[in-house]
Amino acid sequence: MKIQVKDNNYSINIVYKKDDDLNKYLRENSDSKFLVITDDNVLSLYRNRIQSIMDGKNYFIYSFPAGENSKSIETYTNINKFLSEKNFNRGDKIIAFGGGVVGDISGFVASSYLRGIGFISIPTTLLSMIDSSVGGKNGINFLNLKNQIGSFYFPEYVHIDYSFLNTLDKRNINNGLAEIFKYSVLSDRELFDYLKNTHEIDYEKIIYKSLNIKLSFVKNDEKDRGNRQKLNLGHTLGHGIESISNYKLNHGESIGIGTIFIARASYKMGISKKDFSKDLIEAFKKYNLPTHFDFDTDEILEVLKHDKKINKNMINEIFPVKIGEVINKKLTMDELREVIELGKTNG
Ligand SMILES: NC(=O)c1ccc[n+]([C@@H]2O[C@H](COP(=O)([O-])OP(=O)(O)OC[C@H]3O[C@@H](n4cnc5c(N)ncnc54)[C@H](O)[C@@H]3O)[C@@H](O)[C@H]2O)c1
């Protein structure tokens, strides 16, 4: 299946075990040098596959330790050093081959090295296939703050081969499913029911559906000033939880909990007529996703003070009205505190 993102001029190719399409794309750019950026886990699993894809091309592989801690200024500096040492120039390209960590840092390097060089994305986790590889947001963590430094920069080609999911562990599959649940709450009740009830997931279907939902929110708002902000459902609290758990909870798990909290608060505030946090909890349990996290509200507010969504002391929060519909509401930090407290408990 193919998706052409006209606004930002790139194509997304969803395939199963099909390196030919990728080879063809790379052959069309055969005069470029390539840096394949990956992490140590992915490299140990896919070294041969990478070598066979890149066979005959002028390329290097750069790998770093897997995990969120590598999304750092140090890794960013080291990759830039490597590019300079190998004389990469504007006609050369970066290929991100890995999950969201690899994608975020590679995209940021691609956007800033020589003010921007070519960028190809090959996501290998479910989360990166349905979310981080499209939409143009890149970045690194800084001073223990998520994505504190980054850029908007679009890939020229996204190659999603969901056969990579065959080696991905359950927890990371479920991490991606949590984001897909978020998409369903945003705008697709049918997707929610499908995930809740299915016995065998059709990955092609959910990747395609998820990307179309994401792209519909990104369209005409690449810089995140309006409709795109709805994609942040569950993310204010989610990012805070991810950070104060010291990344023991992963991104999807954290924003899943954030979505449950905000659904509960939404009901108590009269924004939604039904407390569908209960439906979310039931569905999440099926996929072993955590549904609660204990935290101190002051501690989390301290982290949230740095949230990129804060503008003139107001934060734009997304509240679900029902599964398939959300609204925006601007909150002061005091109001956000109340919302968090409302989300903490049932009743
Ligand atoms: N830019 C965006 O729009 C956006 C959106 C959502 C999330 N993110 C970011 O994405 C990151 C999370 O991404 P992630 O969940 O993919 O994490 P990740 O990149 O850390 O990957 C998770 C783990 O899976 C391993 N892995 C990757 N592919 C594999 C495969 N095919 N088989 C076996 N193991 C594999 C990795 O080595 C890692 O250990 C976070 O930093 C988050 O902030 C960015």
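The present account deals with the structure reproduced in this document. (Residues numbered from 1 in each chain as written. Predicted model: local features only at pLDDT ≥ 70, side-chain atom pairs only at ≥ 80, totals over all residues.)

What about the overall build of the chain?
Assigned secondary structure in the chain consists of 13 helices and 12 strands. Taken over the C-alpha trace, the chain has a radius of gyration of 20 Å; the compact-globule value for 347 residues is 20 Å, and the two agree within 12%. Across its three principal axes, the chain shows a C-alpha extent of roughly 65 × 40 × 35 Å. The buried share of the chain, reckoned over its 347 residues, is 44%. (Helix = DSSP H or I, 4+ residues; strand = E, 2+ residues; numbered from the N terminus. Rg over C-alpha atoms; globule rule 2.2 N^0.38 Å. Buried ≥ 20, exposed ≤ 12 C-beta atoms within 10 Å, placed from the backbone.)

Side note on the nonpolar core
Within the largest apolar cluster, 82 residues are counted, with the highest numbers of intra-cluster contacts made by Leu35, Ile37, Ile94, Ile95, Phe97, Val109 and Phe181. With eight residues, the single largest contributor to this core is helix 10 (residues 251-268). Residues from two domains meet in this core; each of domain 1 (2-167) and domain 2 (170-344) gives at least three. Aside from chain neighbours lying at most four places away, what touches Leu35 is Phe60, Tyr62, Leu83, Phe88 and Ile94. (Core = buried A, V, L, I, M, F, W, Y, C linked by C-beta atoms within 7 Å. Domains from an automatic or database assignment. Contact = placed C-beta atoms within 7 Å.)

A word on the site of the ligand
As a matter of local geometry, the ligand sits amid 30 residues, with Asn41, Gly99, Gly100, Thr125 and Ser132 nearest to it. Classifying every residue of the shell around the ligand gives eight nonpolar, 16 polar and six charged. Split by domain, the residues of the shell around the ligand number at least three in each of domain 1 (2-167) and domain 2 (170-344). (Near = placed C-beta within 6 Å. Nonpolar A, V, L, I, M, F, W, Y, C, P; charged D, E, K, R; others polar.)

Thoughts on the sheet that holds strand 12 (residues 325-332)
To summarise the sheet geometry, strands pair through backbone hydrogen bonds and adopt either a parallel or an antiparallel arrangement. What the three strands build is an open sheet, ordered 10-11-12; its pairing is antiparallel. Every other strand in the sheet has two partners, leaving strand 10 (310-311) and strand 12 as the edge strands with one partner each. Bridge analysis of strand 11 (residues 314-322) against strand 12 gives eight bridges, and the strand direction is antiparallel. Each bridged residue has a counterpart across the sheet, and for Phe319 the counterpart in strand 12 is Ile327. (Pairing = 2+ DSSP bridges.)

Observations regarding the packing of helix 6 (residues 170-187) against helix 10
The N-to-C vectors of helix 6 and helix 10 enclose an angle of 35 degrees; their axes lie 7 Å apart at closest approach. Between helix 6 and helix 10 lies a crossing of left-handed hand. Side by side, helix 6 and helix 10 meet where Asn174, Asn175, Gly176, Ala178, Glu179, Phe181, Lys182 and Val185 of the first sit next to His251, Gly252, Glu253, Ile255, Gly256 and Thr259 of the second. Classifying every residue of the contact of helix 6 with helix 10 gives four nonpolar, seven polar and three charged. (Axes fitted to C-alpha atoms, helices over the stretch in contact; angles between N-to-C directions. Left-handed = near helix turned anticlockwise from the far one by under 90°.)

A word on unusual backbone geometry
With phi around 55 degrees, Asn87 is a residue other than glycine that occupies positive phi space. Looking at the secondary structure, you find Asn87 in the loop between helix 3 (73-85) and strand 5 (93-98). For Arg115, which is not glycine, the phi dihedral falls at a positive 65 degrees. If you trace the backbone, Arg115 turns up in the loop between helix 4 (100-112) and strand 6 (118-123).

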